[in-house]
Amino acid sequence: MIMQSAFDRSRPLARDDLARLTAADIPPGSHVNLGIGLPTRVADFLGPESGVILQTENGMLGMGPQAYGDDIDPDLINAGKLPVTETPGAAYFHAADSFAMMRGGHLDVCVLGAFQVSFDGDLANWHTGAPDAIPAVGGAMDLALGAKNVFVLMSLFSKDGSPKLVPKCTYPLTALACVSRIYTDYGVFVLTDHGIVIRETYGISRNDLARRLMITYQDD
Amino acid sequence: MAIVVEDADEAVAGIEDGSTVLIGGFGPAGQPVELIDALIRSAVQDLTVVNNNAGNGRVGLAALLANGQVRKIICSFPRQVDSYVFDELYRAGKVELELVPQGNLAERIRAAGAGIGAFFCPTGIGTPLAEGKERRAIDGRDYVLEYPIKGDVALIKAFRADTLGNLVYRKTARNFGPVMATAAKMTAVQVSEIVQPGGLDPEAVITPGIFVDRIVKITASSQLAAVGAAG
């Protein structure tokens, strides 16, 4: 485990530090699925010493890093359709088995991006609901409800400054009450039986962050 | 019983207008491009296509869409950086979309192949994709009733077949192939190599030949370039 003090608390986390912080919280030996975009970067901080086995929903356990040059094989891609490599002990399987791993509760952790997360852990990450938007859901709904732990990795505020961690999601939902932790540039949030808790903050005080998000600050 | 046919045109012969066609592949990986090209040459119309995506670039499934042969597509992830053919047709109202979570897509196809009438699945509860569907609480958890997706035809790509139709796949190109092979009245498979019975390790066979009807060897398979398309 990387100690939290490894990160400068006086300013918001850079994207790579956010990915590194998330990686450090994944228990050794876990089976993990990483979503497209920023969550994919978590893999950069999960070396072989972590014992973490990466699942990609298009049908592989033991996914290795992205492939380049002569290592590119059109038959070996990740869920983002990028060429990847296999690690020793990798396994291939078909789509129904891949999603049995999720729905059946066999996957320890998934790390997903989000448009919005509610204080109750509702997740919205597949559709903006805009009239001209073409919806695409992929494996997001199965992953969100099936993985034992759902970590969201996202910037805390959208480009217009509005928080993405909200009392109630306004975008179409991916799954209900599924998120267990939220890793953001301004702080880490843990969803407990007693509500949402700020675990630590970056570049903002707990009180200021709680006020800005309108969450009840609980000193643990 | 599986038969080895001469070319891709023979492999897709007899497909009727209005058919539901299960097409294997996850983006470019495992997409049976030469079988789709033969479908385009056959000029069959009014198809319902089932695939994880809705075409990449202008080849394969995208070319079938561009040729106006598809009435409806059932998929999980149509929107990609190179799905411009589908995007344009969809926005113009020229193709119908049924969006299905990827796990439901796989399981509904599996159910069709396994003779399951319908099944209760938790995916989608509380979301727009479960609206209007029958629900049931089982053991304290909410589920949605999902129906099988049956194909008139399945077109898939495997790596190697024997002449009895036993199949092995290659890496992540396997994806939907094994479930689709079970779920259609006629399954046609393109492979890189065909061997005699005994040429495949029986322990390594992924799709048993009972699920396969037509096999065609495609020598120089046009591997779609693996592109950096999200989804």
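What you see is a predicted model, and the numbers here were worked out from it, not measured in a lab.

Student: How should I be thinking about the overall build of chain B in this particular structure?
Tutor: For chain B, the count of helices and strands is 6 helices and 14 strands. Its C-alpha radius of gyration of 18 Å places chain B within 12% of the 17 Å reference for a compact globule of 231 residues. When the backbone C-alpha atoms are referred to their principal axes, chain B occupies close to 50 × 40 × 35 Å. Out of the 231 residues belonging to chain B, those deemed buried represent 52%.

Student: Looking at this structure, how should I read the overall build of chain A?
Tutor: Regarding its fold elements, chain A presents 4 helices and 12 strands. Dimensions of chain A, computed from the C-alpha atoms along their principal axes, are close to 50 × 45 × 30 Å. Within chain A, contacts between residues separated by at least 24 positions form 59% of all contacts whose residues are at least 6 apart in sequence.

Student: Looking at this model, I keep getting lost on the environment of A:N149. Mind explaining?
Tutor: Residues and elements named next belong to chain A. Along the chain, the position of N149 falls in strand 8 (residues 149-153). The sequence separation of N149 and G105 amounts to 44 residues, and the corresponding C-alpha distance is 9.7 Å. With residues near it in sequence (within four places) discarded, N149 still touches D108, V109 and S180.

Student: Please explain the pairing of strand 11 (residues 187-192) of chain A as it appears in this structure.
Tutor: Successive residues of a regular strand alternate their side chains across the two faces of the sheet. All names here are of chain A. Summarising the sheet, strand 10 (residues 181-183) and strand 11 pair through 3 bridges and their orientation is antiparallel. Across the sheet, I182 pairs through a bridge with F189, a residue of strand 11. Connecting strand 10 to the next strand, strand 11, in antiparallel fashion are 3 residues. In this structure, strand 11 lies alongside strand 12 (residues 195-201), joined through 6 bridges in antiparallel fashion. Note that in strand 12 the partner of F189 across the bridge is I198. Connecting the antiparallel pair strand 11 and strand 12 is a turn made up of 2 residues.

Student: What exactly am I supposed to notice about the pairing of strand 1 (residues 31-34) of chain A here?
Tutor: All names here are of chain A. As paired elements, strand 1 and strand 2 (residues 53-56) share 3 bridges and run parallel to each other. Pairing of N33 across the sheet is with Q55, part of strand 2. The pairing of strand 1 with strand 5 (residues 109-112) spans 3 bridges and is classified as parallel. The residue of strand 5 that forms the bridge with V32 is V109.

Student: Just checking my understanding: could you explain the interface of chain B and chain A for this structure?
Tutor: For interface size, the figure often reported is the accessible area lost on association. With 44 residues of chain B at the contact, the number on the chain A side is 36 residues. Sorting the residues of the side of chain B that touches chain A by element identifies helix 4 (84-91), helix 5 (102-114) and helix 6 (177-182) of chain B as the ones contributing at least two each. The biggest single contributor to the side of chain B that touches chain A is helix 5 of chain B, with 5 residues. When its residues are assigned to classes, the side of chain B that touches chain A shows 23 nonpolar, 14 polar and 7 charged.

Student: Can you help me understand the sheet that holds strand 11 (residues 167-168) of chain B in this one?
Tutor: Hydrogen bonds between backbone atoms are what pair the strands of a sheet, whose relative direction is either parallel or antiparallel. Residues and elements named next belong to chain B. What the 3 strands build is an open sheet, ordered 11-10-13; its pairing is mixed. In this open sheet, the two strands that pair with only one neighbour each are strand 11 and strand 13 (193-195). When strand 10 (residues 160-162) meets strand 13, the two strands line up parallel, connected through 3 bridges. Looking across to strand 13, one finds that A161 is bridged to I194.

Student: What's the story with the confidence of the model for chain B in this structure? I'm lost.
Tutor: Caution applies to low-pLDDT regions: their predicted coordinates should not be interpreted in detail. On average, residues of chain B score 95 in pLDDT, and 95% of them reach the 70 mark or higher. Contacts for the low-pLDDT stretch residues 225-231 of chain B, under 50 throughout, to residues beyond four places or in other chains number 33 contacts.

Student: Explanation requested: the sheet that holds strand 5 (residues 96-99) of chain B in the structure shown.
Tutor: Read from one edge of the open sheet, 8 strands run 1-14-12-9-2-3-4-5 (chain B), paired in parallel fashion. The open sheet has two edge strands with one neighbour each: strand 1 (3-4) and strand 5 of chain B.

Student: Can you walk me through the nonpolar core in this structure?
Tutor: The tendency in soluble globular proteins is for nonpolar side chains to be buried as a group. Counting 134 residues, the largest nonpolar core has A:L123, A:A144, A:V152 and B:M180 as the members making the most contacts within it. Beyond its immediate chain neighbours, meaning those up to four positions away, B:M180 contacts B:L22, B:G24, B:I109, B:G151, B:A154 and B:I156.

Student: Just to check I follow, could you spell out unusual backbone geometry for this structure?
Tutor: Working note: non-glycine residues mostly have negative phi, and peptide bonds are mostly trans. All names here are of chain A. The backbone phi angle of A177 is positive, close to 40°, even though this residue is not glycine. The backbone phi angle of M214 is positive, close to 60°, even though this residue is not glycine. When you line up the elements, M214 lands in the segment after helix 4 (206-213). For M214, a count of 11 C-beta atoms within 10 Å translates into the label exposed.

Student: I'm lost on the environment of B:V205 in this one. Help?
Tutor: Residue and element names in this part refer to chain B. Relative to the elements of secondary structure, V205 occurs in the loop between strand 13 and strand 14 (214-217). Taking C-alpha positions, V205 is 10.0 Å from D162, a pair spaced 43 residues apart along the chain. Excluding residues within four positions of it along the chain, V205 makes contact with N166, L167, V168 and L200.

Reading the values: the criteria
Residues numbered from 1 in each chain as written. Chains lettered and ligands numbered in written order. Predicted model: local features only at pLDDT ≥ 70, side-chain atom pairs only at ≥ 80, totals over all residues. Helix = DSSP H or I, 4+ residues; strand = E, 2+ residues; numbered from the N terminus. Rg over C-alpha atoms; globule rule 2.2 N^0.38 Å. Buried ≥ 20, exposed ≤ 12 C-beta atoms within 10 Å, placed from the backbone. Contact = placed C-beta atoms within 7 Å. Pairing = 2+ DSSP bridges. Nonpolar A, V, L, I, M, F, W, Y, C, P; charged D, E, K, R; others polar. pLDDT = per-residue confidence, 0-100. Core = buried A, V, L, I, M, F, W, Y, C linked by C-beta atoms within 7 Å.

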